[in-house]
Amino acid sequence: MSVVKGSQLQSPSSTPHNAQMQPSDTSLARPEAVPAPDRFIGFREKISQPVLAAFCAGGIAGAVSRTVVSPLERLKILLQVQSAGRDAYKLSVGQALGKMWKEEGWRGFMRGNGTNCIRIVPYSAVQFSSYNFYKRNIFESYPGQELAPFTRLICGGIAGITSVFFTYPLDIVRTRLSIQTASFAELGSKPAHMPGMWATMVQMYRTEGGIAALYRGIVPTVTGVAPYVGLNFMVYESVRKYLTYDGEQNPSASRKLLAGAISGAVAQTFTYPFDVLRRRFQINTMSGMGYQYKGVLDAIRVIVGQEGLRGLYKGIVPNLLKVAPSMASSWLSFEMTRDFLTGLKPEVSPAAL
């Protein structure tokens, strides 16, 4: 009985103290923990490949850049398709944006942007990834070789042509959606319910000549896109290199934005007449718009004859206002996303070698 009482009177601290004094049983020691295998190592290995990383980053960059400047993009299209003698949008940029807001609200600013993003995501993805592919597999003599400016121009031009062929039907539908709700008197009264992207595409296919209708205007488009994309890549990489100070691997984000803005402005200014021709041909069969061109040369002759050389640069002011933030945000978001994805590549441990 006294033994029991004695054990009850022991202090709580005596038990752990005595336990510490007991010799440890090495046979019960836990084995060293083995890290669990990374279930996503295969995905990380694939997504970090340069071409695939450029594809994903290019798609994100395209969506970001176009959404940022959607109101100016739509205004540019409305100005481009307005032929001589029509003044529905013969206004300053601010007045035209105000007119758009008053008549259609915020939806007017974003009209066609959904289709534009659906188009621009694969377009931009194919453009950036094909540039990376052509650069690595055709133009580089060894991995990481720095290309000459003219070689970048050619490589970018081929990448631009590749992306156009894959996404052109979405581009022509986007143009139709951008103008069908605008207050052009020649188009008549606006219907109560506007057709969407797929309905417009099907209608064009059925009533305007099948597949050929979805690729109407592709010749001036390719003619303009090839030098535009080539100049964009050439100027950006050249300016980016110039803005990279000694001892730096990459320029700061603000300098990347500046390089993107400069490259976009230069490329767009040199190739803008081709963009005007593209828009005109995309709606060449729409009744009431005031022109029926027989070909590229005929279109140039008619536009210059009726509207002067300025007709080939209609809409360039809002376009230049949009191209700087558009290309700046595009290049910055592309590089950030690409660097993140390539950084996911799993490291090979020495034990695995």
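Residues numbered from 1 in each chain as written. Predicted model: local features only at pLDDT ≥ 70, side-chain atom pairs only at ≥ 80, totals over all residues. Heavy atoms only, no water.

As recorded in an unreviewed UniProt entry, the chain goes by the name Mitochondrial thiamine pyrophosphate carrier 1, listed as coming from Metarhizium album. Its UniProt record gives the chain the following Subcellular location (unreviewed entry) comment, quoted word for word: "Mitochondrion inner membrane". Listed under Function (unreviewed entry) in UniProt, the entry text for the chain is "Mitochondrial transporter that mediates uptake of thiamine pyrophosphate (ThPP) into mitochondria." (UniProt positions renumbered as here; feature names shortened; annotations may be inferred.)

So, about the side chain of E335. Position of E335 among the secondary structure elements: in helix α14 (residues 316-342). Given a relative accessible area of 2%, E335 falls into the buried group. Side chain to side chain, E335 and R240 meet in a polar contact 2.8 Å long. The contact partners of E335, leaving out residues within four places of it in the chain, are Y236, R240 and K256. (Helix = DSSP H or I, 4+ residues; strand = E, 2+ residues; numbered from the N terminus. Buried < 20%, exposed > 50% of the residue type's maximum accessible area, 1.4 Å probe, protein only. Polar contact = N/O pair within 3.5 Å; in protein donor to acceptor, adjacent residues only side chain to side chain. Contact = heavy atoms within 4.5 Å.)

All right, on to the packing of helix α4 (residues 50-68) against helix α7 (residues 113-139) then. Running from amino to carboxyl end, α4 crosses α7 at an angle of 145°, the nearest separation of the two axes being 7 Å. Crossing of α4 over α7 shows right-handed handedness. When grouped by side-chain class, the residues that make up the contact of α4 with α7 number twelve nonpolar, nine polar and three charged. (Axes fitted to C-alpha atoms, helices over the stretch in contact; angles between N-to-C directions. Left-handed = near helix turned anticlockwise from the far one by under 90°. Nonpolar A, V, L, I, M, F, W, Y, C, P; charged D, E, K, R; others polar.)

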